[in-house]
Amino acid sequence: MIGPLLGQVDNRFNVFSWEQYNQVGAVNSISEDYSYFYFGTEDAGILRLNKFSQQFAKPITQAQGIKSQSIEHIYFDEYTGILWSVGDSFIEYSFSREGNWNKIDYRLLSLKSGAQIIDIGSSKDYVWLRSNSKFFKLDHVNGILLGVYATPDEQSITWGDISSRELRWNIFDFNDYFVEDAWLLTSNGASDNRGNFSKYLSYYKSNNGINWMSLSNGYILKIDEFNKLITPIFYGLACAVPTSMIDSDMLWISGIGNKSFNGITKFDMDSNKFENILSDHYLNFSKDNIYSSLMVDDEIWYGLDSYVLVYNVKKNSFRSIGFEKGVPRGKILHLEHKNGSIFAGSINGVVQINRNSKARMSSKVEKFIFSRNLTLGDIENFEDKVFFVLSNTVFSYDNEKDSISTLNWKDATFDISMTKNQIDIASRSVSRIFSRNDNLYIVTDLGVVDYMNRTLAIPSSLYFNYKVTDIAVVDNSLLFLSTVRGLVVVNIDTRELINYYDFPFLRNIYQIKYIDGYLVLLTSKGLIKFNFNL
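One open sheet holds the four strands; their spatial order is S2-S3-S4-S5, and the pairing between them is antiparallel. What marks the edges here is a single partner per strand, and that holds for strand S2 (27-32) and strand S5 (56-60). Taking the axes of each pair of neighbouring strands and ignoring which way they run, one obtains an average angle of 20° across the sheet. Summarising the sheet, strand S3 (residues 36-41) and strand S4 (residues 46-50) pair through five bridges and their orientation is antiparallel. When the sheet's bridge partners are listed, Tyr38 is paired in S4 with Arg48.

Spelled out as structure tokens, the structure:
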């Protein structure tokens, strides 16, 4: 039968308490209602463009309760005001066109997936789905299947956009239009100013003189009939999986690219606007995956596989530093800056690079790790030292003295329970270290240790012994832990678990930051904004 009312992702939150942004993938479908144009995408849910401001609004994604990740068709039923979505997992519909999504299982229609549906439309009384050989008639309010037909039993059906299966060049004529950004339009697709070709996927003709064409590369062509102007538009992340971010005047986001390109995104937290720096537009910037980032003055250092990429913000140029400068083999997951030196490390070692000359420096840390065949787990700058996790043990490096020493747990005992019992944790295995709010948090197999207060801040049982990937401290009272399975919220003073969020879009969290009242998370599902004050 019809699936249950899903509501928001959780009834404790408003519809847009959680926001999800991702690389778009292909733009598969287009529709419009009274206020928005809707774009159904492969990887970013349903994009919404305000018809009056011509600005993108918050998208509709799994964070608003939609179950499908990929949207094959989007359709607004003007007779009922319901927004319909044909996705990879379910057919879904919403009366509010934002939250409270209902779902219909494809098995009820004897279909395997939404890929079998060619088009969706409606009449005054019904919603119609079209496949290669059948037409499905649904109740236009509750989605109940009313019949399956070889041809519809009524004539006045308004179908949605024209999909790629039915697109013909003679449907539109662009001869009199000026195409911005030096794009070239052909009979079956478009080429950007770099010669990258993308197929047309959907065409939508609006009644207000603004028509749309969607492309397989995530771009949308805005067709202005009045001004005879065609404008390519891209809205979303440049990388497929964001893994690293820098909070400056903008949020700089980088990560793992797709098969065609990679890029760096500048994201405005207030307006939710994107500006992308794409790999195929620059020399020395390839589509290789980015795993870490660090901003030092007007430079941003990026860690890739076996080399480092330096972006000069003012000059808008890239420079690569590789094995010839001693950069270790493997993914450069760790970057840190101290007294004019950049420490870049992979699991195989660390190199120390002069920040100004970009020359390799003689490094005691590098020699120390190499001579003892240690593996690098983390690097963190705290107070006047740089801390390293080497083979699950914490070491500190004093740059002025040029000395390395083991963090001596025995110089203080640690309170690990509410009853003030003491225990020596010198033998505990360390996986990560985080410098937050003038404190150092050390992740051990026992839990998260508060270094300054010499206490076990969070026992590992509170986060179900999952792997901790990052930590954020809010108002010195709340501790947010990102794990590979969800987000944990703990009261620092009482060490009590406040909440645990394990929504599908919060799996594999790479990094978290608290910025202007939002918790910003980078996950395998994209960039997540969480307004937990709502």
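Our next topic: the layout of surface pockets. Approximately 770 Å³ is the volume found for the second largest pocket. The wall of the second largest pocket is formed by 29 residues, among which Asn217, Tyr219, Phe234, Phe261 and Leu278 lie closest to the centre. Those elements giving two or more residues to the lining of the second largest pocket turn out to be strand S19 (197-204), strand S22 (229-233) and strand S26 (273-278). Top element by residues in the lining of the second largest pocket is S26. It accounts for four residues. For the lining of the second largest pocket, the per-class residue count stands at eleven nonpolar, twelve polar and six charged.

Moving on, we get to the sheet that holds strand S25 (residues 263-268). Whenever strands of a sheet pair, they do so through backbone hydrogen bonds, lying parallel or antiparallel. Read from one edge of the open sheet, four strands run S23-S24-S25-S26, paired in antiparallel fashion. Sheet topology places strand S23 (241-247) and S26 at the edges, where each strand pairs with a single neighbour. Recorded for the sheet is a direction-independent mean angle of 25° between the axes of neighbouring strands. Alignment of strand S24 (residues 251-256) against S25, held across three bridges, turns out to be antiparallel. Among the inter-strand pairings, Trp252 is bridged to a residue of S25, identified as Lys266.

Further remarks concern unusual backbone geometry. A positive phi angle, near 60°, is found at Gln54, a position not held by glycine. Its place among the elements puts Gln54 in the loop between S4 and S5. One non-glycine residue with positive phi stands out, namely Lys358, at about 65°.

What follows covers the nonpolar core. In terms of nonpolar packing, the biggest core is built from 29 residues, with Phe39, Trp212, Leu251, Ile253 and Leu527 touching the most fellow members. In terms of residues, this core owes the most to one element, strand S49 (residues 518-523), which gives three residues. Excluding residues within four positions of it along the chain, Ile253 makes contact with Leu237, Cys239, Pro242, Ser244, Met245, Gly263, Ile264, Thr265, Phe267, Leu522 and Leu527. With 19 residues, the next largest nonpolar core counts Phe13, Trp18, Ala472 and Leu519 among its residues.

A word on the packing of aromatic side chains. All chains considered together, the criterion is met by 39 aromatic pairs. Just above the ring of Tyr126 sits the side chain of Lys137; from NZ or CZ to the centre is 4.4 Å. The ring centre of Tyr518 lies 4.4 Å from the NZ or CZ of Lys529, which sits over that ring.

In this section: the environment of Ser461. Topologically, Ser461 is positioned in the loop between strand S43 (455-459) and strand S44 (468-474). For the pair Ser461 and Asp161, spaced 300 residues apart in the sequence, the C-alpha separation amounts to 51 Å.

This part covers the pattern of salt bridges. Tallying each qualifying case throughout the model produces 17 salt bridges. The partner of Arg107 in a salt bridge is Asp105, and the shortest N-O contact between them spans 2.8 Å. Here Glu299 ties to Arg355 by a salt bridge, and the two come within 3.6 Å at their closest N and O atoms. With Glu299 in strand S28 (residues 299-303) and Arg355 in the loop between strand S33 (349-354) and helix H1 (364-372), the pair connects residues that are 56 residues apart, well separated along the chain. As far as the burial class goes, Glu299 and Arg355 line up, both buried.

What follows concerns the environment of Pro59. Residue position: Pro59 is located in strand S5. We classify Pro59 as buried; its relative accessible area is 2%. Taking the C-alpha atoms as reference points, Pro59 and Asp125, 66 residues apart in sequence, are found 29 Å from one another. Contact partners of Pro59, with chain neighbours within four places excluded, come to Phe16, Gln20, Tyr21, Ala44, Ile46, Leu47 and Gln64.

As a further point, take the confidence of the model for the protein chain. Confidence in the prediction for the protein chain averages 90 pLDDT; 93% of positions are at 70 or higher. Per-element averaging of pLDDT across the protein chain places strand S39 (residues 422-423) at the bottom with 48 and S28 at the top with 98. Taken together, the stretch residues 1-7 has pLDDT below 50 and engages in 23 contacts with residues farther than four places along the chain or on a different chain.

Taken as a whole, this structure holds two cavities of 30 Å³ or more when the rule is applied. Its boundaries defined by the atoms lining it, the largest cavity holds a volume of some 70 Å³. Lining the largest cavity, in full, are Gln20, Tyr21, Asn22, Asp43, Ala44, Gly45, Thr61, Gln62, Ile66, Ser68 and Gln69. Each residue belonging to the lining of the largest cavity can be placed in one class, and the counts come to three nonpolar, seven polar and one charged. Estimates place the volume of the second largest cavity at around 40 Å³. Within the lining of the second largest cavity, the residues separate by chemical class into six nonpolar, three polar and no charged.

Among the residues of H1, those classed as buried are Val365, Glu366, Phe368 and Ile369. Seen along its axis, H1 keeps its buried residues to an arc of 165°; they face one direction. H1 presents Lys367, Phe370 and Ser371 as exposed residues on the side facing more than 90 degrees away from its buried surface. Of the surrounding secondary structure, the elements contacted by the buried residues of H1 are strand S32 (341-346), S33, strand S35 (385-390), strand S36 (393-398) and strand S37 (403-406). Where H1 starts, the residue carrying a side-chain oxygen 3.3 Å from the main-chain nitrogen of Val365 turns out to be Ser363.

What counts, and at which threshold
- Residues numbered from 1 in each chain as written.
- Predicted model: local features only at pLDDT ≥ 70, side-chain atom pairs only at ≥ 80, totals over all residues.
- Heavy atoms only, no water.
- Pairing = 2+ DSSP bridges.
- Helix = DSSP H or I, 4+ residues; strand = E, 2+ residues; numbered from the N terminus.
- Axes fitted to C-alpha atoms, helices over the stretch in contact; angles between N-to-C directions.
- 1 Å grid on protein atoms, 1.4 Å probe; cavity = no way out; pocket = protein on both sides within 12 Å on 5 of 7 lines; lining within 4 Å.
- Points joined across faces, edges and corners; volume = space filled by probe spheres on them.
- Nonpolar A, V, L, I, M, F, W, Y, C, P; charged D, E, K, R; others polar.
- Core = buried A, V, L, I, M, F, W, Y, C linked by side-chain atoms within 4.5 Å.
- Buried < 20%, exposed > 50% of the residue type's maximum accessible area, 1.4 Å probe, protein only.
- Contact = heavy atoms within 4.5 Å.
- Phe/Tyr/Trp six-rings, centres within 6.5 Å; stacked < 30°, edge-to-face > 60°.
- Lys NZ or Arg CZ within 6 Å of the ring centre and 35° of its normal.
- Salt bridge = Lys/Arg side-chain N within 4 Å of Asp/Glu carboxyl O.
- pLDDT = per-residue confidence, 0-100.
- Arc of directions from axis to C-beta.
- Polar contact = N/O pair within 3.5 Å; in protein donor to acceptor, adjacent residues only side chain to side chain.

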